[in-house]
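# Structural description and commentary
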Amino acid sequence: MSARRSRAEAHVVATEKTTALVLRTTDFSETSRVLVLWTREFGKVRALAKGARRLRGAFESALDLLNCCDIVLIRKTSGALDLLTEARLRECFSHLRGQLQAYYAASLIAEILSICAQENDPHPDWFDQTITTLRELGGQEVYAVLLHWELRALREVGLQPVLDHCVQCRQPFVAPVADSLTWSAVAGGLVCPRCHVATPGRRQLPRDLFLQLRHLVAASNQTPRAAHDRSPLTLPPQTCLELLHLLHEYWMHQLGQPLHLAVYFQPIQRSAGQ
Ligand SMILES: [Zn+2]
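Cut-offs used in this document
- Residues numbered from 1 in each chain as written.
- Predicted model: local features only at pLDDT ≥ 70, side-chain atom pairs only at ≥ 80, totals over all residues.
- Heavy atoms only, no water.
- Helix = DSSP H or I, 4+ residues; strand = E, 2+ residues; numbered from the N terminus.
- Buried < 20%, exposed > 50% of the residue type's maximum accessible area, 1.4 Å probe, protein only.
- Contact = heavy atoms within 4.5 Å.
- Areas by Shrake-Rupley, 256 points an atom, 1.4 Å probe, with all protein chains shown as cover.
- Phe/Tyr/Trp six-rings, centres within 6.5 Å; stacked < 30°, edge-to-face > 60°.
- Expected span 1.5 Å × (residues − 1).
- Donors = N, O, S within 2.8 Å, 3.2 Å for Na, K, Ca; no water.
- Tetrahedral: all angles 85-135°; square planar, octahedral: opposite > 155°, others 65-115°.
- Pairing = 2+ DSSP bridges.
- Axes fitted to C-alpha atoms, helices over the stretch in contact; angles between N-to-C directions.
- Salt bridge = Lys/Arg side-chain N within 4 Å of Asp/Glu carboxyl O.

### What about the overall build of the protein?
Scanning the protein from terminus to terminus reveals 7 helices and 8 strands. Classification of the 274 residues of the protein by burial places 46% in the buried group. Expressed as a percentage of contacts within the protein between residues at least 6 apart in sequence, the contacts between residues at least 24 apart total 63%. Per element, the accessible surface of the protein, about 14,100 Å² overall, is 51% carbon and sulfur.

Here is the structure:
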């Protein structure tokens, strides 16, 4: 074996098969694409698909955004792109293409995953739940389905907001809950009256919204069976939008970058005193 060949092989880990969701796709050359994939077995993967831009290439249309496919990868070490050698379409969620709000919700899921999913950090159950979510987005309750997914996502990536004590001084909140609480997406949760002046990004959180959020976060923390509690599905769309708006602001501060698709999920502002 030549020295050159053995050096090249030292960077190749293995050929692996997995199921993947296409999170992002970028043209790389006349014929190739670079993909960000979320795989069931390996977490996030960045891969080069040679020939993927050819009309009748090896991948056909399997690698379009938000498609779920079975793939074969040659995994590389030392930060190099993996090489995608096969992709067969498993599911393309065609219902999303005909419903704008559902498509935005699915695209927002892909945006959040492309930021917070990590390489070599697989979450197979969450992956399966995400595929189910993409199927469910074809129904009427787009906002509730998205909210349900985001609550699970916050738990999976360890970013749940602090709701039972002051995020600054750690003093527990005791019942009864005040009519309005101070919330800071920057600090990561609720803030007590003693700390709120010194807390950046603070805003008032109405009691009813806080109680909903606390209930939903608690439900998402229960056992896997109870975690499928569909309680957000019973919420009215406006409440879902208010909670989504709160969470999107929170995601952006916690992740340190904007969520471009969040602009499509704006609630109607409450009037004063509501
Ligand atoms: Zn405090």
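Having seen it, we continue.
### Thoughts on the packing of aromatic side chains
The full count for this structure, using the stated rule, is 6 aromatic pairs. Geometrically, the ring pair formed by Trp-38 and Trp-126 is edge-to-face, given 5.0 Å between the ring centres and 70° between the ring planes. Of this pair, Trp-38 sits in strand E2 (residues 33-39) while Trp-126 sits in helix H3 (residues 124-136); the two residues are 88 residues apart in sequence, bridging distant segments of the chain. The same class applies to Trp-38 as to Trp-126, namely buried. Taking 3.7 Å as the distance between ring centres and 10° as the angle between the ring planes, the aromatic pair formed by Tyr-104 and Tyr-264 counts as stacked. With Tyr-104 in helix H2 (residues 100-116) and Tyr-264 in the segment after helix H7 (237-255), this pair connects stretches of sequence that are 160 residues apart.

### A short note on unusual backbone geometry
Backbone geometry places Leu-66, a non-glycine residue, at a positive phi of 70°. In this model, Phe-93 sits at a positive phi of 50°, which is unusual for a non-glycine residue. In this structure, Phe-93 sits in the loop between strand E5 (82-91) and H2. Phe-93 gets classed as buried once you look at its relative accessible area, which sits at 3%.

### Some details on H2
For H2, spanning 17 residues, the distance from its first C-alpha to its last is 24 Å, which sits close to the expected 24 Å at 1.5 Å a residue. For H2, a buried count of 14 out of 17 residues is recorded, marking the element as mostly surrounded by other parts of the structure.

### Some details on the coordination of the zinc ion
Note on the zinc ion: its protein donors are Cys-166 (SG), Cys-169 (SG), Cys-192 (SG) and Cys-195 (SG). The metal-donor distances range over 2.3 to 2.4 Å. Viewed at the metal, the 4 donor atoms of the zinc ion are separated by angles of 105 to 113°, and the geometry they form is tetrahedral. In primary sequence terms, the donor set of the zinc ion follows C-x2-C-x22-C-x2-C.

### Here's the deal with the sheet that holds strand E8 (residues 202-206)
Reading across the sheet, the 3 strands line up as E7-E6-E8 and stay open at both edges, with antiparallel pairing between neighbours. The sheet is open, and its two borders are formed by strand E7 (189-191) and E8, each paired with just one other strand. Averaged over all adjacent pairs, the angle separating strand axes in this sheet is 50°, with direction ignored. In this sheet, E8 lies alongside strand E6 (residues 180-184) in antiparallel orientation, the contact comprising 5 bridges. Counterpart to Trp-183 in the pairing with E8 is Arg-203. Contacts from helix H5 (residues 207-220) reach E6, E7 and E8, with the element oriented near 85° to E8. Together, E6 and E8 form the strand contacts of H7, whose direction differs from that of E8 by roughly 155°.

### Some details on the pairing of strand E3 (residues 43-49)
Taken across its 7 residues, E3 has 6 buried, putting it largely inside the fold. A loop of 3 residues connects E2 with E3, the two strands running antiparallel in sequence. Bridge count for E3 against E5 is 2 bridges, and the pairing is parallel. From the neighbouring strand, Leu-48 faces E5, where its bridge partner is Leu-83.

### Some thoughts on the environment of Ala-80
Tracing the sequence through the fold places Ala-80 in the loop between strand E4 (68-76) and E5. Ala-80 sits in the partly exposed class, given a relative accessible area of 39%.

### Here we look at the pattern of salt bridges
Within the structure shown, the criterion is met by 8 salt bridges. For Glu-249, the salt bridge is made with Arg-203, and the minimal N-O distance between the two is 3.5 Å. Of this pair, Glu-249 sits in helix H7 while Arg-203 sits in strand E8; the two residues are 46 residues apart in sequence, bridging distant segments of the chain. Assessed through its relative accessible area of 28%, Arg-203 is described here as partly exposed.

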